[in-house]
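Descriptive structure summary
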Amino acid sequence: MLELLFDSSFAASVPRFVTPILLAALGGALCERAGVFNIALEGFMLTGAFAAVLGAYFSGSPYLGALAAMLAGIAMGLVFAEFNLRRGGDPIVVSIAVNILAAGLTAFLLRAIFHVTGAFNDPAIAGFEPVHIPLVASIPYVGRLLSGQSILFYVAIIAVPALHVFFARHRLGLRMRAAGENPAALEAGGVSPSRVQLWALIGCGAFCGLAGAQLSIANVNLFVENMSAGRGWIAVVAVLLSRGRPLPLFLIAVVFGMVDSLSFRVQGFGLPQQFTDMMPYLATLVVLVGLSWWRRRQSV
Amino acid sequence: MHVALSGITVRFGALTAVDDVSLAITPGEIHAIVGENGAGKSTLMNALFGLVEPAAGAISIDGTVRRWTSPRGAIAAGLGMVHQHFMLQEEMTVLENIVLCSEPVGRFGFVDFAAAHRRLKESADSHGIVIGLDRVVGDLSVGERQVVEILKVLYCEAEVLILDEPTSVLTPQEKDRLFAILKSFRAAGKAIVLITHKLDEVMEIADRVSVMRGGRLIASGRRAETSKEEIARGIIGGELPAARQRRPRAPGEVVLSVDKLVAAGRGMAVGPITLSMRAGEIVGIAGVSGNGQAELVQALTGLRPSISGAITLCGVRIEALDVERRRQAGMSYIPEDRQRVGLALGATVAENANAGRDDRAAFSRGPFLNRAAMTRFARSLIERYRIRVGGASARASTMSGGNKQKLVVGRELARATPLVIAENPTWGVDIGAIDFIHGELMRMRDEGHAVLLVSTELDEILALSDRILVMYAGRLAGEVARDEASRERIGEMMTSRAVDALPEVA
């Protein structure tokens, strides 16, 4: 049974589940490190998923779809910035508002633009084709894991070390870390923390937009209301557990993505869907409990 | 670089914090600005540095009037400031902290750390400063952190260096090192402004002294032409309080005994600590901030769980009790952080004055609070401690730091418990309030209470304590009786140089 569960089609499916969580979490990491408590990743991502379908449908290009998704995510980031950074709104309240706004707005636009409710499925939606890497594709098992994925998977993988270097060596990355740890010191040095945080929200919006694009024009070619289905929240957990560090964040996102993938596969073994849907969240709880136990042992 | 302030006035609402102050800062000079807390020293310098905007007045540099509304302009003009509370990123390295906000950037906005490293090494070497640039600031001692702050200023090529209370957190040895660096700066022709309230240091290092009181500049002149007494009279605007009489007193019963107490600390375990205190004595715990004093106090008061060991207060084992039960067992606590631990700033003075006492019959009627009794009690504290506040129903946040502290001290001491724990009780309060708080602690001692005084101010420890314990790296590094105590001896223990030479403290 285990062989069936972890066969090579499992390897092929894991990146599809990992990519949206990882992209959204990388965006969340920017906010986390810059000291913006942003738990609106779900809303950013859902908006991105809708905008991707919109862009891909009207332009006929998945790349323009992804671009539309990034712009939509950035727009949501700017909404967040306006209410949190400029008007001083509580970040939790603003996050909840943005999440509700995204759910309502995408459902409304689905009706207003495509005249359907629930889901929009049309052959004119140009999705991403899998990228086949010539030599890698022929390696057994690993080939199916690393080759034949959407371009956004490779973008996400490259973004992990890139973000690490960005935080370590780039001026804006350094300032983001300072804004997150001791904004008063940044201000005393003549740099406005909220301006740095605005950039973090813009970057977060772009990453979450891509995460949404992976859901709607790479994994499938359609938009379903609330199709982010809690992945933004799992990304939030990954961000908080890794404290915004790209490398641990990658590992956590992979674990969550694998469990997400497994939960689909075990449905094939006759487990009720209600149980399999719980798996990502149970995994989250297990990781949370395990980590707090480990940290407590470390501190004594 | 000559800096001239003329007619600087800063207002916060109705309060005039700095009132028409004119001052000249000359290169190659160390200029001390002295005064009580709230005299306007820091505000004046914040105005110069662009952190607050003056309502009137002008700043000129080398004869030209300049204006800036943020530190950026001040830094560009060649000013640098080391704040009283360090402005550092603890999770970053020394180098990252130093380049932050003025990063040398190469292509695509990436920071050229190698260039920064070279440039910094050069200027640090020329002033005899030694520090590991790749160390994480969180791992540094307070003295080393200050060096990082100074390097930050040096890196921006500041010609005028402003230091706000730079020695308040340093050991005597670290202070000497700092002064050596400042002298090197002076020799290099930089201007140094030293904000302080320690007159010994003024006499030791300053070339020029300016005295501020109530927002005004009272006097300014060459240090060589004045005396410590004259400066002190200028600061308080009258005669000095008389030296305190100390009544000899035989210690009484054991009030508190701590046996092999271990508590979790930040990055280290604190303890095992064994100590005992008797009625009618003040035991001082000296040490550089961050050597486990805070953890020890929290473990005693119940704010932090202890890992092992026993605490006995008036014959009752309390290590497993919660904060409320420990207080009932006979302990009161003057916390270091009056803003967050000592007071609820959003609540009224009356509510704060009764915090922790509302279970008593005198302050409640059944399950309800007795507002009239609470107000009466708060008024009695306001009167007795001469707390300057709008009234018992004013919010605690409206009081100045010294008045907030008086309210905390008054509330805790009014409980008249056998044990009083005072943690940096005079931190950031003015000379008048310091004198009053010291007097109250001595009164408690004379009346037969045991007072545990935890302080990073060595002068305070030496002035009040009957016995002095020194903490270093989470343990007691030694004990000194009052008669044998000297700054040098304690200073050495504070840096553990003498730890091995000392017997185990019983």
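Under an unreviewed UniProt entry, the name given to chain B is ABC transporter ATP-binding protein, and the organism recorded is Allomesorhizobium camelthorni. The UniProt entry for chain B carries the following comment under Sequence similarities (unreviewed entry): "Belongs to the ABC transporter superfamily."

Looking up chain A in an unreviewed UniProt entry gives the name ABC transporter permease, with the organism given as Allomesorhizobium camelthorni. Taken from UniProt, the Subcellular location (unreviewed entry) comment for chain A reads in full: "Cell membrane".

Turning next to the overall build of chain A. The number of helices and strands found in chain A is 14 helices and 2 strands. What you see for chain A is a C-alpha radius of gyration of 19 Å, in line with the 19 Å of a compact globule of 300 residues. Dimensions of chain A, computed from the C-alpha atoms along their principal axes, are close to 60 × 55 × 40 Å. Counting the 300 residues in chain A, one finds 49% classified as buried. The long-range share in chain A, meaning contacts at least 24 apart out of those at least 6 apart in sequence, stands at 74%.

Take the interface of chain B and chain A next. Each side of the interface is counted separately: chain B has 21 residues, and chain A has 18 residues. With 3 residues, helix H2 (residues 71-76) of chain B is the largest single contributor of residues to the side of chain B that touches chain A. Of the residues that constitute the side of chain B that touches chain A, the class distribution is 12 nonpolar, 4 polar and 5 charged.

Residue and element names in this part refer to chain A. Under the UniProt annotation, the feature "transmembrane region" (unreviewed entry) is placed at residues 12-30, 37-58, 64-85, 92-114, 151-168, 198-217 and 278-294. As a span, residues 12-30 carries 100% helix and 0% strand, and end to end its C-alpha atoms are 29 Å apart. In this annotation, residues 278-294 is assigned 94% helix and 0% strand; the end-to-end C-alpha distance for the span is 24 Å.

In this section: the domain arrangement of chain B. Residues and elements named next belong to chain B. As far as domains go, chain B holds domain 1 (3-236), domain 2 (241-330 + 418-506) and domain 3 (343-416). Computed over C-alpha atoms only, the centres of domain 2 and domain 3 are separated by 26 Å. Every contact between the two is made by 10 residues of domain 2 and, on the other side, 8 residues of domain 3. The leading source of residues in the side of domain 2 that touches domain 3 is helix H15 (residues 431-446), at 4 residues.

On to the sheet that holds strand S1 (residues 3-12) of chain B, then. Residue and element names in this part refer to chain B. Judged by pairing direction, the sheet is antiparallel, and its 4 strands sit side by side in the order S2-S1-S4-S5 without closing on themselves. With one partner strand each, in any of the chains shown, strand S2 (15-25) and strand S5 (64-66) form the two edges of the open sheet. When the angles between neighbouring strand axes are averaged without regard to direction, this sheet yields 30 degrees.

What follows is about the sheet that holds strand S3 (residues 30-34) of chain B. Residue and element names in this part refer to chain B. Pairing is mixed across the open sheet formed by 6 strands, whose spatial order is S6-S7-S8-S3-S9-S10. Looking at which strands have only one partner, the edges of the open sheet turn out to be strand S6 (79-82) and strand S10 (216-222). Strand-to-strand twist of the sheet, defined as the mean angle between neighbouring strand axes without regard to direction, takes the value 15 degrees. Pairing between S3 and strand S9 (residues 208-213): 4 bridges, direction parallel.

A separate point is helix H14 (residues 401-414) of chain B. All names here are of chain B. In a regular helix each residue adds 1.5 Å, so 14 residues correspond to 20 Å; H14 covers 20 Å between its end C-alpha atoms and thus fits that length. Most of H14 is tucked away: 12 of the 14 residues are buried. Those residues of H14 that sit buried are Gly 402, Asn 403, Lys 404, Gln 405, Lys 406, Leu 407, Val 408, Val 409, Gly 410, Arg 411, Glu 412 and Leu 413.

On to the pairing of strand S8 (residues 191-196) of chain B. All names here are of chain B. The element S8 is largely enclosed, with a buried count of 6 among its 6 residues. Of the two faces of S8, the one holding Ala 191, Val 193 and Ile 195 and the one holding Ile 192, Leu 194 and Thr 196 are both buried throughout. When S3 meets S8, the two strands line up parallel, connected through 5 bridges. Residue Val 34 lies in a different strand from S8, and its bridge partner there is Thr 196. As judged from the 5 bridges shared by strand S7 (residues 160-164) and S8, these two strands associate in the parallel manner. Across the sheet, residue Leu 161 finds its bridge partner in S8, namely Ile 192. For the segment spanning S7, helix H6 (residues 172-187) and S8, crossover handedness is right-handed.

Basis of the calculations
Residues numbered from 1 in each chain as written. Chains lettered and ligands numbered in written order. Predicted model: local features only at pLDDT ≥ 70, side-chain atom pairs only at ≥ 80, totals over all residues. UniProt positions renumbered as here; feature names shortened; annotations may be inferred. Helix = DSSP H or I, 4+ residues; strand = E, 2+ residues; numbered from the N terminus. Rg over C-alpha atoms; globule rule 2.2 N^0.38 Å. Buried ≥ 20, exposed ≤ 12 C-beta atoms within 10 Å, placed from the backbone. Contact = placed C-beta atoms within 7 Å. Nonpolar A, V, L, I, M, F, W, Y, C, P; charged D, E, K, R; others polar. Domains from an automatic or database assignment. Pairing = 2+ DSSP bridges. Axes fitted to C-alpha atoms, helices over the stretch in contact; angles between N-to-C directions. Expected span 1.5 Å × (residues − 1). Right-handed = clockwise from strand over helix to strand, strands pointing away.

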